[in-house]
Amino acid sequence: MKKTTKNMTDEQIEHLIHKLNDNEHAHFLLKPLSERVYWAAVWELPATALTSLTKDEPQWFYFIKNENKQFVAAVFDMKYDLHWFTLPAHRGKGHLSNALRNVILKHLTYYHKRDKQRITISRGALSKESFQASCNLAQSVGFVEEQEGHYFFQKSTDEASTLTYNGLDDTQREALKLELIKAASLVTRVATKLELEYGQLPSVEKLQELSSQVFYGIDRLEDILHEGS
């Protein structure tokens, strides 16, 4: 079952920022888009602690650093909306607006191929000051108001976002191969236990085939690594 993207509270986003600053990175995969802006996949649980029966899909964020290389703000990408948050002590310093204007909105519209990015700013969910500040921020980075609290950002035809891929070193490549081998072995163990308890049912055989497909995914990984080198 595919999880739907749900909004997060300011407190939850703030907690993620503090985790990054505390070097607790087990839930995160980070890719720098600029010196201060990082694109991130975030999981609810680290890979070593998966217990959910649903497909473990990440939520997507942009995390923003200040001049001291501390994470101070985040933008949660829900596709149909954005939720941004800046740590209280770092508000009013341009960290979020500069990141949105120079990096994030370009990445959203070009890399994700969105002709328009929409956002909603709810008066009822914010204080008067926070509502006005968020509206001002949206307009300052290029969002256009359709009706109160509803804005859109139109993709520009003048410039595109460039994303540099640095690839993986040998240690990282071997680690990915090992992860695929572990995944294949785990599926094999599950299929074997089911065969012992239920016999060679067609569904058990399909699960065994899945294990082989995951294992041979190493060949596909090699192709990706070769094409990207």
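Note that this is a predicted model, so its numbers are computed, not measured.

Draft legend 1. Representation of the pattern of salt bridges within the structure. Counted by the stated rule, this structure contains six salt bridges. For the salt bridge of Glu146 with Arg118, the shortest nitrogen-to-oxygen distance reads 2.7 Å. Highlighted residues: Glu146 in strand β7 (residues 144-147) and Arg118 in strand β6 (residues 116-120), separated in sequence by 28 residues. The exposure class of Arg118 is partly exposed, given its relative accessible area of 36%. The partner of Arg123 in a salt bridge is Glu148, and the shortest N-O contact between them spans 3.1 Å. Highlighted residues: Arg123 in the loop between β6 and α3 (128-140) and Glu148 in the loop between β7 and β8 (150-154), separated in sequence by 25 residues. Arg123 sits in the partly exposed class, given a relative accessible area of 45%. Put simply, Glu174, Lys177 and Glu222 are held in one network by salt bridges that share partners.

Draft legend 2. Focus on unusual backbone geometry. In the Ramachandran plot, Asn23 falls in the positive-phi region, its phi being about 60 degrees despite a non-glycine side chain. When you line up the elements, Asn23 lands in the loop between α1 (10-21) and β1 (28-32). With a phi angle near 70 degrees, Lys79 is a residue other than glycine that sits in the positive phi range. Examined against the element boundaries, Lys79 turns out to sit in the loop between β4 (71-77) and β5 (82-86). With a relative accessible area of 60%, Lys79 lands in the exposed category.

Draft legend 3. The arrangement of the layout of surface pockets in detail. Space inside the second largest pocket adds up to approximately 820 Å³. Surrounding the second largest pocket, 30 residues form its lining, Trp84, Phe85, Leu126, Ser130 and Ser134 being those nearest its centre. Every element with two or more residues in the lining of the second largest pocket is listed here: α1, β5, α2 (95-111), β6 and α3. Of the residues assigned to the lining of the second largest pocket, the class counts are 11 nonpolar, 12 polar and seven charged.

Draft legend 4. Looking closely at the nonpolar core. If you look at the biggest cluster of nonpolar residues, it comprises 27 residues, and the most contacted ones within it are Tyr62, Val75, Trp84, Leu100, Ile104, Ile119 and Phe143. Elements with a minimum of two residues in this core: β2 (37-42), β3 (59-65), β4, β5, α2, α3 and β8. Ile119 has contacts with Asp81, Leu82, Trp84, Ala138, Phe143, Gly149, His150 and Tyr151, leaving out every residue within four places of it along the chain. Membership of the second largest hydrophobic core comes to 17 residues, among which are Ile17, Phe28, Phe61 and Phe63.

Draft legend 5. Structural view of the sheet that holds β2. With respect to topology, five strands assemble into an open sheet ordered β1-β2-β3-β4-β5, the strand pairing being antiparallel. Single-partner strands in this sheet number two, and they are β1 and β5. Strand-to-strand twist across the sheet, computed as the mean angle between neighbouring axes with direction ignored, equals 25 degrees. Here five bridges tie β1 to β2, and the two strands are oriented antiparallel to one another. Counterpart to Lys31 in the pairing with β2 is Trp39. Running at roughly 145 degrees to β3, α2 makes contact with β2, β3, β4 and β5 of the sheet.

Draft legend 6. Spatial organisation of the sheet that holds β8. Taken in spatial order, the three strands of this open sheet run β6-β8-β7, and their pairing is antiparallel. Single-partner strands in this sheet number two, and they are β6 and β7. The average angle at which neighbouring strand axes cross in this sheet is 30 degrees, direction not considered. The pairing of β6 with β8 spans five bridges and is antiparallel. Residue Gln117 lies in a different strand from β8, and its bridge partner there is Phe153.

Draft legend 7. Examining the confidence of the model for the protein chain more closely. Across the protein chain, pLDDT averages 86, with 89% of residues at or above 70. By mean pLDDT, the top-scoring element of the protein chain is β4 (97), and the lowest-scoring one is helix α6 (residues 217-228) (81).

How each quantity is defined
Residues numbered from 1 in each chain as written. Predicted model: local features only at pLDDT ≥ 70, side-chain atom pairs only at ≥ 80, totals over all residues. Heavy atoms only, no water. Salt bridge = Lys/Arg side-chain N within 4 Å of Asp/Glu carboxyl O. Helix = DSSP H or I, 4+ residues; strand = E, 2+ residues; numbered from the N terminus. Buried < 20%, exposed > 50% of the residue type's maximum accessible area, 1.4 Å probe, protein only. 1 Å grid on protein atoms, 1.4 Å probe; cavity = no way out; pocket = protein on both sides within 12 Å on 5 of 7 lines; lining within 4 Å. Points joined across faces, edges and corners; volume = space filled by probe spheres on them. Nonpolar A, V, L, I, M, F, W, Y, C, P; charged D, E, K, R; others polar. Core = buried A, V, L, I, M, F, W, Y, C linked by side-chain atoms within 4.5 Å. Contact = heavy atoms within 4.5 Å. Pairing = 2+ DSSP bridges. Axes fitted to C-alpha atoms, helices over the stretch in contact; angles between N-to-C directions. pLDDT = per-residue confidence, 0-100.

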